[in-house]
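Each chain, written out:
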Amino acid sequence: MKLQSKIFFILLFILLTISRVKSQEIQGFASLQEARLEPFKMEVTYNKTSHILFPSPIRYVDLGSESLIANKAGDIANVLRVKSSVRDFEEETNFSVVTEDGRFYSFDVFYSTYPDTLSYDLSKLERTKEQQYNTDVLFEELEGELSSLTELMIKTLYEIPKRTIRHIGSKSFGIQFFLKSLYVYEGKFYFIMQIKNKSNLSFHIDFVNFKIADKKNLKRTVVQDKILSPLRIYPILSTVHFQSNGEYLFLLDQFTLLEDQILEIELMEKDGGRHQKIQIENSDLVHAKIVDDLHLKLK
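We now turn to the structure provided with this report. Here the structure is a predicted model, which means the values were calculated and not measured. (Residues numbered from 1 in each chain as written. Predicted model: local features only at pLDDT ≥ 70, side-chain atom pairs only at ≥ 80, totals over all residues. Heavy atoms only, no water.)

We now examine the packing of aromatic side chains. Under the definition given, this model contains eleven aromatic pairs. The interplanar angle of 85° and the centroid separation of 6.2 Å between the aromatic rings of F54 and F107 together place this pair among those described as edge-to-face. Of this pair, F54 sits in the loop between β2 (50-53) and β3 (58-63) while F107 sits in strand β7 (residues 103-111); the two residues are 53 residues apart in sequence, bridging distant segments of the chain. By relative accessible area, F107 is classed as buried at 3%. (Phe/Tyr/Trp six-rings, centres within 6.5 Å; stacked < 30°, edge-to-face > 60°. Helix = DSSP H or I, 4+ residues; strand = E, 2+ residues; numbered from the N terminus. Buried < 20%, exposed > 50% of the residue type's maximum accessible area, 1.4 Å probe, protein only.)

As structure tokens, then:
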């Protein structure tokens, strides 16, 4: 009897020791549950296409399995089309989306012959609720700055109505193209350009080109100029309809010009010849308006 009691207490001691060690090990690590990002739940089917409208243009899509097909809806950058590639898949799958405003979205997907909903508008989510289902990502070109903060800065500057620059622009064929404002913040330029279409024909924008050129070679077309690629364009370039205006913000890395250089900004019309070109001196760049005490509009 005494032997059995000793064996019982020894086993109990061993079990308590193992339990204490495991508890200490668990306490030494943070639970991933605390970092959980709640996925959206959605149903897809084979015969119909689901559409998801995001608040910002889509930058990246990753599908969890070959049971799904997803792509952007043509030239519409913020609409994703999703459907099943096979009938009646049984296992749950998923996909993820990153948008230009630096948001990461996760979706759990189930098959349904008759989905309850086929279209979703994520821009309707309230800010407090939205944060449960998406998070910020860091884009390399923004050098570690939160993309959502950059997006807020862009939208806030874009909505400022005041024109701060009045001497840089061009006009021909009923089209006016000018630099409305130029801001600088944290090593980035914010060019706000405005297009006024006073003609009776819509102006279809092909692209807007930023390039550094030598003043003495402006009339030569063979010279290799330095092309500057905007980090962001807001909103998406679109048609400026007749008798209307269009306004766009271009985000570029900060730079300066040499004494014999000039910045050229070209506005090109798609399938047309009403191209516009403006020139910016280094003195204009160094006098860019500093963003100071700007209240970001957290919506």
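On to the pairing of strand β16 (residues 244-253), then. Buried residues dominate β16, accounting for seven of its ten residues. Direction of pairing for strand β12 (residues 188-197) relative to β16: antiparallel, over a ladder of ten bridges. What sits directly across from Q194, in β16, is E247. (Pairing = 2+ DSSP bridges.)

Once that is clear, we can look at the nonpolar core. What tends to happen in soluble globular proteins is that the nonpolar side chains get buried as a cluster. Formed by 30 residues in total, the largest nonpolar core has its most connected members in L179, F191, F255, L263, I265 and L285. For this core, the elements supplying multiple residues, two or more each, are β11 (175-185), β12, β13 (205-214), β16, β17 (261-269) and β18 (276-280). The greatest single-element share of this core, amounting to five residues, is contributed by β11. Residues F40, V44, V82 and Y105 belong to the second largest nonpolar core, which totals 17 residues. (Core = buried A, V, L, I, M, F, W, Y, C linked by side-chain atoms within 4.5 Å.)

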